[in-house]
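# Fold and contact review
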Amino acid sequence: MRLALFILAVVVLLWLVRGAVRRRAAAPRSKPADTSTAAAPQPMLTCAHCGLHLPRDEALPGRGGVFCGDAHRKAFEQTDDVR
(Lines give C-alpha, C1' and ligand atoms only; values in the text may rest on other atoms or scores of the structure.)
Protein backbone atom coordinates (compact mmCIF):
# COMPACT_ATOMS: atom_id res chain seq x y z
CA MET A 1 0.00 0.00 0.00
CA ARG A 2 2.82 2.39 0.86
CA LEU A 3 4.55 1.64 -2.41
CA ALA A 4 1.39 2.41 -4.38
CA LEU A 5 0.95 5.77 -2.60
CA PHE A 6 4.63 6.62 -3.16
CA ILE A 7 4.41 5.83 -6.87
CA LEU A 8 1.19 7.83 -7.15
CA ALA A 9 2.82 10.82 -5.43
CA VAL A 10 5.84 10.64 -7.76
CA VAL A 11 3.60 10.47 -10.84
CA VAL A 12 1.53 13.48 -9.68
CA LEU A 13 4.70 15.44 -8.92
CA LEU A 14 6.16 14.67 -12.35
CA TRP A 15 2.85 15.63 -14.00
CA LEU A 16 2.83 19.00 -12.19
CA VAL A 17 6.47 19.73 -13.05
CA ARG A 18 5.89 18.84 -16.72
CA GLY A 19 2.86 21.16 -16.88
CA ALA A 20 4.83 24.01 -15.33
CA VAL A 21 7.68 23.54 -17.80
CA ARG A 22 5.28 23.55 -20.75
CA ARG A 23 3.51 26.71 -19.55
CA ARG A 24 6.83 28.46 -19.09
CA ALA A 25 8.02 27.44 -22.57
CA ALA A 26 4.74 28.53 -24.18
CA ALA A 27 4.67 31.93 -22.45
CA PRO A 28 5.61 34.81 -24.75
CA ARG A 29 8.97 36.25 -23.93
CA SER A 30 9.09 39.99 -23.57
CA LYS A 31 11.88 41.96 -25.16
CA PRO A 32 14.15 43.95 -22.87
CA ALA A 33 13.20 47.60 -22.68
CA ASP A 34 14.93 49.81 -25.23
CA THR A 35 16.93 52.23 -23.14
CA SER A 36 17.81 54.46 -26.08
CA THR A 37 14.28 55.90 -26.17
CA ALA A 38 14.01 56.42 -22.42
CA ALA A 39 13.65 60.03 -21.37
CA ALA A 40 16.68 61.58 -19.77
CA PRO A 41 16.29 62.82 -16.19
CA GLN A 42 15.21 66.43 -15.94
CA PRO A 43 16.13 69.03 -13.38
CA MET A 44 13.49 69.64 -10.73
CA LEU A 45 12.13 73.15 -10.24
CA THR A 46 10.17 74.58 -7.33
CA CYS A 47 6.80 76.30 -7.67
CA ALA A 48 7.21 79.91 -6.53
CA HIS A 49 3.73 79.86 -4.94
CA CYS A 50 3.46 76.55 -3.05
CA GLY A 51 6.98 75.10 -3.13
CA LEU A 52 6.04 71.92 -4.99
CA HIS A 53 8.94 70.28 -6.85
CA LEU A 54 8.20 69.35 -10.46
CA PRO A 55 10.14 68.46 -13.63
CA ARG A 56 11.27 71.33 -15.84
CA ASP A 57 9.01 70.23 -18.73
CA GLU A 58 5.90 70.45 -16.54
CA ALA A 59 6.69 73.86 -14.99
CA LEU A 60 4.83 76.96 -16.21
CA PRO A 61 6.96 80.10 -16.47
CA GLY A 62 5.64 83.35 -15.09
CA ARG A 63 6.66 86.62 -13.49
CA GLY A 64 8.66 85.78 -10.40
CA GLY A 65 9.54 82.17 -11.20
CA VAL A 66 7.99 78.95 -12.35
CA PHE A 67 4.71 77.47 -11.20
CA CYS A 68 3.01 74.08 -10.91
CA GLY A 69 -0.22 75.28 -12.47
CA ASP A 70 -2.00 78.21 -14.00
CA ALA A 71 -3.97 78.94 -10.82
CA HIS A 72 -0.78 79.32 -8.78
CA ARG A 73 0.80 81.49 -11.45
CA LYS A 74 -2.22 83.82 -11.45
CA ALA A 75 -2.43 83.89 -7.66
CA PHE A 76 1.26 84.73 -7.32
CA GLU A 77 1.14 87.42 -10.00
CA GLN A 78 -1.87 89.11 -8.36
CA THR A 79 -0.11 89.57 -5.02
CA ASP A 80 1.94 92.67 -4.22
CA ASP A 81 5.02 90.51 -3.55
CA VAL A 82 5.96 90.13 -7.22
CA ARG A 83 9.73 90.35 -7.38
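Residues numbered from 1 in each chain as written. Predicted model: local features only at pLDDT ≥ 70, side-chain atom pairs only at ≥ 80, totals over all residues. Heavy atoms only, no water.

## A closer look at the packing of aromatic side chains
Stated precisely, the cut-off is as follows: Pairing of aromatic rings covers Phe, Tyr and Trp, the last counted by its six-membered ring, and requires centre-to-centre distances within 6.5 Å; plane angles under 30 degrees mean stacked, over 60 mean edge-to-face, and any other angle means tilted. Think of it in three bands: residues with accessible area under 20% of the maximum for their type are buried, residues over 50% are exposed, and the middle band is partly exposed, with areas taken using a 1.4 Å probe on protein chains only.
Summed over all chains, the structure comprises one aromatic pair. Seen from their ring centres, Phe 67 and Phe 76 are 5.2 Å apart, and the 50 degrees between their planes marks the pair as tilted. Assessed through its relative accessible area of 0%, Phe 67 is described here as buried.

## Section: helix H1 (residues 2-26)
Think of an α-helix as 3.6 residues a turn; residues three or four steps apart then line up on the same face. The line we're drawing: Only DSSP runs of H or I covering at least 4 residues are called helices, and only runs of E covering at least 2 are called strands; the numbering of each starts at the N terminus. Multiplying 1.5 Å by the helix residue count minus one yields the expected span of that helix.
Over its 25 residues, H1 extends 36 Å from the first C-alpha to the last, a length consistent with the 36 Å expected when each residue adds 1.5 Å. Across the 25 residues that make up H1, only a small minority, zero, are buried.

## With respect to the pattern of salt bridges
A side chain with one charge can pair with a side chain of the opposite charge if their charged atoms come near. What counts here: A carboxyl oxygen of Asp or Glu within 4 Å of a side-chain nitrogen of Lys or Arg is what we treat as a salt bridge.
One pass over the structure, following the stated rule, counts two salt bridges. In this structure, Arg 73 and Asp 70 form a salt bridge, with 2.7 Å as the shortest nitrogen-oxygen distance. One end of the pair, Arg 73, and the other, Asp 70, are both in helix H2 (residues 70-78), three residues apart, so they sit about a helical turn from each other. Note on Arg 73: relative accessible area 22%, which makes it partly exposed.

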